[in-house]
Amino acid sequence: MKIPRIPRPEIGSISLSAIVALYLLLATNNSFWAHASVYFVHARTSLLAFAAALYLALFAILTPLSVKYLMKPALVILILVSATAAYFADTFGIIIDRDMIGNAAVTTQAEASHLLTFSLARHLLVYAVLPSILIVWVRVRHRRFLPKAAVNFAFVSVSLLVGAGLIYANFATVAYALREHTDLMKRFNPSGPLIATVRYGLSTYRERNLVVRPLGTDAHQGARVAAAGKPVVVVVVAGETARAMNFSLNGYERETNPELKALGVVNYRNTTSCGTATAVSLPCMFSVYPRSQYSDWKARSTENLVNVLTHAGVSVSWWDNNTGSKGIADLISFASQTGRKNSPLCNNGECLDEILLGDLDRKLGAATSNSVIVLHQLGSHGPSYYLRYPGAFRRFTPDCRTPELMRCSTAELVNAYDNTILYTDHILASVARLLEKHQDRIAGAMIYMSDHGESLGENGLYLHGAPYVIAPKEQTQVPFIAWFSEPYQAAMGVDAGCLAKDADKPKSHDNLFHTVLGMMDVETRVYNRDLDAFAACTRPANKEHQPAPGYHAAQNGEPASSAGGPQEARWAPGVL
Ligand SMILES: [Zn+2]
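Residues numbered from 1 in each chain as written. Predicted model: local features only at pLDDT ≥ 70, side-chain atom pairs only at ≥ 80, totals over all residues. Heavy atoms only, no water.

1. With respect to the nonpolar core
In step 1: With 95 residues, the main nonpolar core has Phe40, Leu360 and Leu375 as its most contacted residues.
In step 2: Among the elements that take part in this core, helix H18 (residues 410-437) stands out by supplying 14 residues, more than any other.
In step 3: Beyond its immediate chain neighbours, meaning those up to four positions away, Leu360 contacts Val235, Trp319, Ile373, Leu375, Val431 and Leu434.
In step 4: The next biggest cluster of nonpolar side chains, apart from the first, holds 60 residues, and it includes Val225, Val232, Phe484 and Tyr527. (Core = buried A, V, L, I, M, F, W, Y, C linked by side-chain atoms within 4.5 Å. Buried < 20%, exposed > 50% of the residue type's maximum accessible area, 1.4 Å probe, protein only. Helix = DSSP H or I, 4+ residues; strand = E, 2+ residues; numbered from the N terminus. Contact = heavy atoms within 4.5 Å.)

Here's what the structure looks like:
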């Protein structure tokens, strides 16, 4: 039997541009329109004019692309980019900005695989593949070169003029909405993700000739650590995607911190993150720059906390169970756990955080020098929360057991997430117990901060990475916990009881750099005592073991003064 041949329809290149512009505007911009309708709530006419101007701008951009051999691939790529960005925007409330492109560029295969789901494939089939097949199938009529150039020029000019006129007529409203809501145009497809990609590419290109400026080369360890009589070991746990509000230590109604509670830790209830994604927060946490002065460029072109510790003679290692140190540990001992084979704790390139504990036990048992060990957790990394905890910590049920969060109820999602916090509670308590186990030979302490929080469907947002200015507190309020062994408190003059009284004061990622330097008694010009979260409750080292002026005041529940004290003269605030 002969299959009847369906004749390929024909379409003019201008008409095809007009149709694809309309498709991009209406079919791949749900999130954009949802937000625009809120931002223009009292200016419906301006919104219509703005929409028409956007349509004309899209048309004006597509029309010059209507050259034979260029047009079809260009339209297919734009549709694919828009449809992909639209899926993440509509499903997780995510904005594809420069930082998000950066996250995608540095992600691991295992991490990315959780986002490549059946829902994504189905979405792309409907919104990208089918329209692309249509575009490839139709026969496009092109004029000869000169007439085509003249006609295209005329269409583009008229579109731009009319579009500009519409914006001019509504300028006050449109300008106000765009200025007040800087996220809006980032949500527009395909320009948002394309501009973000170009910006990321430019910043990466700029970094090719990067020269890293030395920092704190004057660093050395002070008298306390020298007099400790045993190696001083600080474990820095860099957490992942843990939000403060789901810690029972911070008042969460569910018991998610039974082990830390029993252990007795110093818990800072009011701590903010530097960014809302690992690629921003992690370098910022280890950077000398506070959030107000921080930029990705500055962080990459300046040495960080681990380098300053190395300058002071502290042995520093970074053990990673996440997607790497984002360049922080380039110059120090680095070990990734994720590639481990034959461990019951690992599966498909990802390991449970317990993988970090066995090595830690061995390392602490053999420690001979003053050391800082950074443990970079996988923590509560989504969307596959259910893979972050073993069966024994599946305490809150039913738990969402798919990366496709939309298939789960909010209760199931929160249950799975809370199980990850429960497991992190166990990991942190285990680190402290290991430091305690080896306390006859080391003076150990632990400091823990998460890199950012997580949205679990509040206001339609999921995961993290929202631009900081509009990020909800779910993404920016992070846990900050410390624990000190008896030998550490005795040797280093830190009073955990005093710190606990200070624990309601606001803290942030700005504190980590200076606090860890203080914890290792590192003296350097770049140390800023005011940002050392523990300084007010740390007895200065001097021959008579006299407390600092602020020390007794803080112990009595009064605010400690950061001025004065023998340390102040010696440890000048950081000069950058
Ligand atoms: Zn993260």
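2. Thoughts on the pairing of strand E7 (residues 315-320)
In step 1: Burial within E7 is extensive, with 5 of its 6 residues counted as buried.
In step 2: Where E7 lies against strand E11 (residues 371-376), 6 bridges are found, and the strand directions are parallel. Residue Ser317 lies in a different strand from E11, and its bridge partner there is Ile373.
In step 3: As defined by bridge partners, E7 adjoins strand E8 (residues 333-336) across 4 bridges and the pair is classed as parallel. Along E8, the bridge assignment pairs Asp320 with Ser336. (Pairing = 2+ DSSP bridges.)

3. Some words on the UniProt feature "domain: Sulfatase N-terminal" (unreviewed entry) in the protein
In step 1: Mapped onto the present numbering, the UniProt feature "domain: Sulfatase N-terminal" (unreviewed entry) falls on residues 234-522.
In step 2: Helix makes up 32% of residues 234-522 and strand makes up 18%, while its end C-alpha atoms are separated by 12 Å. (UniProt positions renumbered as here; feature names shortened; annotations may be inferred.)

4. Quick word on unusual backbone geometry
In step 1: Pro190 follows Asn189 through a cis peptide bond whose omega is 5 degrees.
In step 2: As for its position among the elements, Pro190 is in the loop between helix H10 (183-186) and helix H11 (191-206).
In step 3: Gly382 connects to Pro383 through a cis peptide bond whose omega is 0 degrees.
In step 4: Residues other than glycine seldom take positive phi values, yet Tyr69 does so here, at roughly 70 degrees.
In step 5: Take Tyr69: it is sitting in the loop between helix H3 (44-62) and helix H4 (71-92).
In step 6: The class for Tyr69 is exposed, based on a relative accessible area of 75%.

5. Considering the UniProt feature "domain: Phosphoethanolamine transferase N-terminal" (unreviewed entry) in the protein
In step 1: What UniProt calls "domain: Phosphoethanolamine transferase N-terminal" (unreviewed entry) maps, in this numbering, to residues 55-201.
In step 2: Counted over residues 55-201, helix gives 77% and strand 2%. Its end C-alpha atoms are 27 Å apart.

6. Details of the side chain of Thr476
In step 1: Note that Thr476 resides in helix H19 (residues 473-476).
In step 2: Its relative accessible area of 8% is what places Thr476 among the buried residues.
In step 3: In this structure Thr476 touches Thr271, Thr272, Ser273, Thr276, Tyr468 and Ala471, once residues within four positions along its chain are discounted.

7. Some remarks on the packing of aromatic side chains
In step 1: Counted by the stated rule, this structure contains 16 aromatic pairs.
In step 2: Aromatic side chains Phe59 and Phe155 sit 6.1 Å apart centroid to centroid with 80 degrees between the ring planes, which places their arrangement in the edge-to-face category. With Phe59 in helix H3 and Phe155 in helix H8 (residues 145-169), this residue pair connects regions lying 96 residues apart in the sequence.
In step 3: Owing to a relative accessible area of 6%, Phe59 belongs among the buried residues under this scheme.
In step 4: Relative accessible area serves as the criterion here: at 38%, Phe155 is assigned to the partly exposed category. (Phe/Tyr/Trp six-rings, centres within 6.5 Å; stacked < 30°, edge-to-face > 60°.)

8. Concerning the coordination of the zinc ion
In step 1: At 1.9 to 2.8 Å from the zinc ion lie its protein donor atoms, namely Glu240 (OE), Glu240 (OE), Thr278 (OG1), Asp451 (OD) and His452 (NE2).
In step 2: For the zinc ion, the donor residues sit on a single chain with the sequence spacing E-x37-T-x172-D-H. Here Glu240, found in the loop between strand E4 (232-239) and helix H13 (258-263), pairs with Asp451, found in the loop between strand E12 (443-450) and strand E13 (455-456); they are 211 residues apart in sequence, far enough to count as distant.
In step 3: Accessibility expressed as a relative area gives 0% for Asp451, which makes it buried. (Donors = N, O, S within 2.8 Å, 3.2 Å for Na, K, Ca; no water.)

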